[in-house]
Amino acid sequence: MRVMQEIIAKVEEKDPQQTEFIQAVTEVLDSLDSTVDRHPEFVKAKIYERIVEPDRTIIFRVPWVDDTGEVRVNRGFRVQFNNAIGPYKGGLRFHPSVNLSIVKFLGFEQTFKNSLTTLPMGGGKGGSDFNPRGKSDAEVMRFCQAFMRELYRHIGPDVDVPAGDIGVGGREIGYLYGYYKKIVNEHSGVLTGKGLEYGGSLIRPEATGYGSVYFSAEMLTTRDESLEGKTAVVSGAGNVAQYTVEKLNRFGAKVVTLSDSSGSIVDEAGIDAEKLAFVMELKNVRRGRIKEYAEKYNVPYYAAKSVWDVVREQNLPLDLAYPSATENEIDAADAQALVANGCICVTEGANMPSTLEAIRVYQEAGILFGPAKAANAGGVATSGLEMSQNSMRLAWSRQEVDRRLRDIMKSIHRAALDAAEAYGKPGDYLAGANIAGFIKVAKAMYAYGIV
Ligand code: NDP
Ligand code: 2IT
């Protein structure tokens, strides 16, 4: 424990303003104290100190011209966190909140998540403080081209393979990939989440949401429970939330909420396939606000409230929670309301959606908790499958990719449970996922010597 506390203190001292990164480091290192006695070689080789420092951090200027002819300047990031077990791999986020702390926390988490997938991928993350909201397609294209004009020199199919995240979906990947192909003159698997016509994989768009539901099904089985007939609360209305709803419906659960950064809707009748199709058109094509759902289906809309505010303030009953919007959306008070209102399982579709205090509430209540790096790993796992298909120059069927995704989610669930058991924390998915993800990366780093 002392080893870990000293490392956390050093991280805090070096970068006191990087609060999200410090939070992610604290969460992981707190779980790793039980590995210290078992692996004195890791302590001696200072693996724990080395793993919290990214391999490199790239920060760059992104100048572009908006539709009125005005020059705009954004900041671009790529944090190549750790390539011990494979090329750097992880998404790009375009959102005004993006800064070095956010990108470092995401890259750090990604390192362990990618290790859990069983596929050979290191950890990285990038993005920009560019806000796609309200921008025309032409502006988004010019921004993506300007971003790639610098990023291209740092990435490659065997070096670093970016993908999407918040604000980066199929449209942005198309512009980014098209520009990379133009300037490098190479058609390769340098990005994932590509369109099906140019090297994308079936099921990649669905994979994070589907994977998160598969993971929750595995967790519920350990308590002789299933998704059938359960009431679920989902936050967000983007890629992860949409396919979480789709798969929950398939499993016979009822989803009663969605949200965006302006507010939340509650639909107690359930968001069925037809309503979900409306949400997809609203969010992916028209890029509108979730408020329109409330108007169309005549259900309550809570302006400026998160789904968790609504659960707390309206005493919304639920069985399952799928935070799928953004980091730190659930604090301790929200977590207490979840438990009090009947929640038996929290599955993190988003990255780090629960604060450290919220996690403590789940643990004390003894409810099932699927931490992000395990529960939402289906997205990057399927990116790994896209890379495999690109390297082999073939394309698997929908069924083939979905079967592999499901197997990977089962294997992550098993690995987390086994590591938790082996390291004296039975049933603790958080500790198990952190330990299992860490051990593989640490062994590889140890094998390389001091590099
Ligand atoms: P999208 O951009 O498709 O959707 C994000 C959704 O969350 C939108 O509804 C957005 O609202 C809402 N949101 C974003 N930021 C905030 C905020 N600060 N406050 C409130 N609401 C917010 O992103 P994804 O669905 O891809 O990503 C959602 C989460 O899942 C993120 O944490 C991401 O890191 C994680 N994730 C994504 C993966 C992927 O494959 N895409 C894989 C693994 C994890 P609005 O519409 O108003 O912008
Ligand atoms: O957080 C994540 O795992 C992602 N945004 C997906 C990354 C990827 O490379 O597919």
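The structure under discussion appears in the preceding block.
The structure reproduced in this document is the subject of the present report. (Residues numbered from 1 in each chain as written. Chains lettered and ligands numbered in written order. Predicted model: local features only at pLDDT ≥ 70, side-chain atom pairs only at ≥ 80, totals over all residues. Heavy atoms only, no water.)

With respect to the overall build of the chain
Selection rule: Labels follow the DSSP assignment, with helices taken as runs of H or I lasting at least four residues and strands as runs of E lasting at least two, numbered in each case from the N terminus. Only heavy atoms enter the contact rule, under which two residues are in contact if any of them lie within 4.5 Å. Surface accessibility follows the Shrake-Rupley procedure with a 1.4 Å probe radius. Residue values consider only the protein chains on display as shielding. Asp and Glu count as negative and Lys and Arg as positive, but His and the ends of the chain are not part of the count. Throughout, a charge is located at the NZ atom of Lys, the CZ atom of Arg, the CG atom of Asp or the CD atom of Glu.
Secondary structure assignment for the chain yields 18 helices and 13 strands. The principal-axis extents of the C-alpha atoms in the chain amount to approximately 60 × 55 × 45 Å. Taking all contacts inside the chain whose residues are at least 6 apart in sequence as the whole, residues at least 24 apart take part in 71%. With an accessible surface of roughly 17,700 Å², the chain has 50% of that area assigned to carbon and sulfur atoms. Of the charged side chains in the chain, 53 are positive and 58 negative, and the gap between their average positions amounts to 5 Å.

Observations concerning the sheet that holds strand β8 (residues 257-260)
Threshold: We call two strands paired when DSSP finds no fewer than two bridges between them. Axis definition: a line fitted to C-alpha atoms, over the contacting stretch in the case of helices. Angles run 0 to 180 degrees between N-to-C directions.
Strand order in the open sheet made by the three strands is β8-β9-β10, with antiparallel pairing throughout. Of all strands in the sheet, those bounded by a partner on one side alone are β8 and β10 (301-303). Shown here is a sheet whose adjacent strand axes are inclined to one another by a mean of 15°, direction ignored. Of the pairings in the sheet, the one linking β8 to strand β9 (residues 263-266) comprises four bridges and is antiparallel in character. Bridged to Thr257 within β9 is Val266.

Quick notes on the site of ligand 1
Operational definition: Being near a molecule or strand, for a residue, comes down to having at least one heavy atom within 4 Å of it. Side-chain atoms alone can form a polar contact between residues adjacent in sequence; in general such a contact is a pair of N or O atoms within 3.5 Å, and within protein one must be able to donate a hydrogen while the other accepts it. The residue classification treats Ala, Val, Leu, Ile, Met, Phe, Trp, Tyr, Cys and Pro as nonpolar and Asp, Glu, Lys and Arg as charged. All others, Gly included, are polar.
Around ligand 1 lies a shell of 26 residues, among which Asp165, Thr208, Ser261, Arg289 and Asn351 are the nearest. For ligand 1, an oxygen atom lies 3.0 Å from a polar atom in the side chain of Arg93. Within the backbone of Asn239, an N or O atom sits 2.9 Å from an oxygen atom of ligand 1. For ligand 1, the protein covers 82% of the area, taking 890 Å² as the surface of the free molecule. Elements with a contribution of two residues or more to the shell around ligand 1: α8 (204-221), α9 (239-250) and β8. Considered class by class, the residues forming the shell around ligand 1 number five nonpolar, 13 polar and eight charged.

Structural notes on helix α2 (residues 19-36)
For an α-helix, 3.6 residues make a turn, and residues three or four places apart therefore share a direction. Our working rule: In a helix, the anticipated span is given by 1.5 Å times the number of residues less one. Bend is computed residue by residue as the angle between axes fitted to the seven residues ending at the residue and the seven residues starting at it. To sort residues, take the accessible area from a 1.4 Å probe on protein chains only and compare it with the maximum for the residue type: under 20% means buried, over 50% means exposed, and anything in between is partly exposed.
Under the 1.5 Å per step criterion, the end-to-end length of α2 is 25 Å for 18 residues, consistent within 8% with the ideal 26 Å. By the largest-angle criterion, Asp30 marks the main kink of α2, which is about 35°. Of all 18 residues that make up α2, 15 are buried, and the element is covered over most of its length.

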